[in-house]
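# Tertiary structure, described
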Amino acid sequence: MDKIKLFSKQKDHLPKQTIDNGFNYVGSSYDYHNDNTKHKYVNDNVGLTIDKFGLQIVTNPTNYLKENNIIQINRSELGEFKEKFESDLHTNTDNYILSGLDYNLNIKTDYPVSSYLGALNLLPKYKKEIYANGCGITYLNKCKTFSVYDKVKQMKDSSLTVPLEYQSANIMRLELGVKTRLKKSMNLASINSLRDLIATDN
C-alpha cells in the first residue's frame with residue numbers, strides 16, 4: 001500500500017481544531033468550470049483538500065506508520081495505521097469513502113533497475129511517461145497509472161532516508177494507482193472504506 005485517498009461530503013468529519021492546529025495552509029485554486037474553490041492544507045504526512053463538494057484526505061499509510069515508504073505493510077499493519085491515524089486526527093475513517101489507492105510491490109533484482117527498463121514495452125494503449133532522472137516509466141489513462149521504477153534511486157534523488165538494509169539493493173518498484181471510479185476500475189464492489197480494505201475476506 002503506497003497511497004490512499006479518503007473522501008467525505010461532510011467537511012466537519014475532520015474537526016476544525018485539528019486542521020487549525022495540525023496543518024499548514026498551502027493556498028487555494030479556482031475551478032471555473034465547476035465554480036469551485038479548492039483550499040489545500042498539508043502536514044508532514046497528510047494532504048487535505050476542502051471545497052464545496054466536501055473533504056478529501058491523501059496520505060501514505062506506510063510512510064505514516066514506518067516513516068518511509070520503501071517497507072511494505074500487511075493488512076494487520078494497515079489496521080494499526082487506521083487506529084493511529086484516527087487518534088492523531090480525531091476523526092473516524094469509517095465516515096469516509098475510499099476514493100483512490102495505490103498498490104505496490106518491491107522486486108529485488110540482480111542488476112541495476114535501469115538495465116530492465118529498456119525491455120519494458122507494456123500497455124501500448126496507455127500514455128507513456130519516462131521519469132526525468134531516467135529511473136522509471138509510468139503508463140497512464142484517466143483512471144489508472146502503472147509505474148515501474150528504481151525505488152532506492154527515487155528516494156535518494158528526493159533526499160529521503162533509505163533504510164540501511166536497502167541502501168545497496170536494486171529494488172524495482174511496481175506501482176498500480178487507481179485515480180477515480182475505484183469500484184469500476186478495480187472491480188472492488190465490496191470495498192467502500194478503509195475498514196473494508198483491511199478486512200481479511202476482501
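You'll find the structure just up there.
The rules we used
- Within every chain, residues take consecutive numbers counted from 1 along the sequence as written.
- Local features in this predicted model are restricted to residues of pLDDT 70 or higher, and side-chain atom pairs are both shown and tallied only at a pLDDT of 80 or more, whereas totals for entire chains, interfaces and linings draw on every residue.
- The basis for every side-chain value is the complete set of heavy atoms in the structure, and neither hydrogens nor water enter the calculation.
- Salt-bridge detection follows one rule: a side-chain nitrogen of Lys or Arg within 4 Å of a carboxyl oxygen of Asp or Glu.
- Starting at the N terminus, helices and strands are each numbered in turn, a helix being any DSSP run of H or I of at least four residues and a strand any DSSP run of E of at least two.
- Summary of the burial criterion: residues with accessible area below 20% of their type's maximum are buried, those above 50% are exposed, and those between are partly exposed, where the area comes from a 1.4 Å probe applied to protein chains only.
- Here, any two strands with at least 2 DSSP bridges between them count as paired.
- Each helix should span, by expectation, one fewer than its residue count multiplied by 1.5 Å.
- Within 3.5 Å is the distance limit for a polar contact, defined as a pair of N or O atoms, with the added protein rule that one can donate a hydrogen and the other accept it, and that residues adjacent in sequence qualify only through two side-chain atoms.

## Some remarks on the pattern of salt bridges
Under the defined criterion, the tally for this structure stands at 9 salt bridges. Across the pair Lys82 and Glu86 runs a salt bridge, and its minimum N-O distance is 2.8 Å. With Lys82 and Glu86 both in helix 3 (residues 75-89) and 4 residues apart, the pair spans about one turn of that helix. Neither residue differs from the other here; Lys82 and Glu86 are each classed as buried. Put simply, Lys82 and Asp94 hold a salt bridge, and the shortest N to O gap is 3.5 Å. In this pair, Lys82 is assigned in helix 3 and Asp94 in the loop between helix 3 and strand 6 (97-108), connecting sequence segments 12 residues apart. Residue classification places Lys82 among the buried positions, given a relative accessible area of 8%. Asp94 gets classed as partly exposed once you look at its relative accessible area, which sits at 34%. Members of the salt-bridge network, linked through shared partners, are Lys82, Glu86, Asp94 and Arg195.

## Considerations on the pairing of strand 2 (residues 24-31)
By the bridge criterion, 7 bridges tie strand 2 to strand 3 (residues 36-42) in an arrangement that is antiparallel. What sits directly across from Ser28, in strand 3, is His39. Hairpin connection, strand 2 to strand 3: the antiparallel pair is bridged by 4 residues, and Asp35 has positive phi, about 50°.

## Side note on helix 3
With 15 residues, helix 3 should cover 21 Å at 1.5 Å per step; its first-to-last C-alpha distance of 21 Å lies within 8% of that length. Residues of helix 3 that are buried: Glu77, Leu78, Gly79, Phe81, Lys82, Phe85, Glu86 and Leu89. In this structure Asn74 caps helix 3, since a side-chain oxygen of it lies 3.1 Å from the backbone nitrogen of Ser76. At the C-terminal side of helix 3, His90 shows a positive phi close to 55°.

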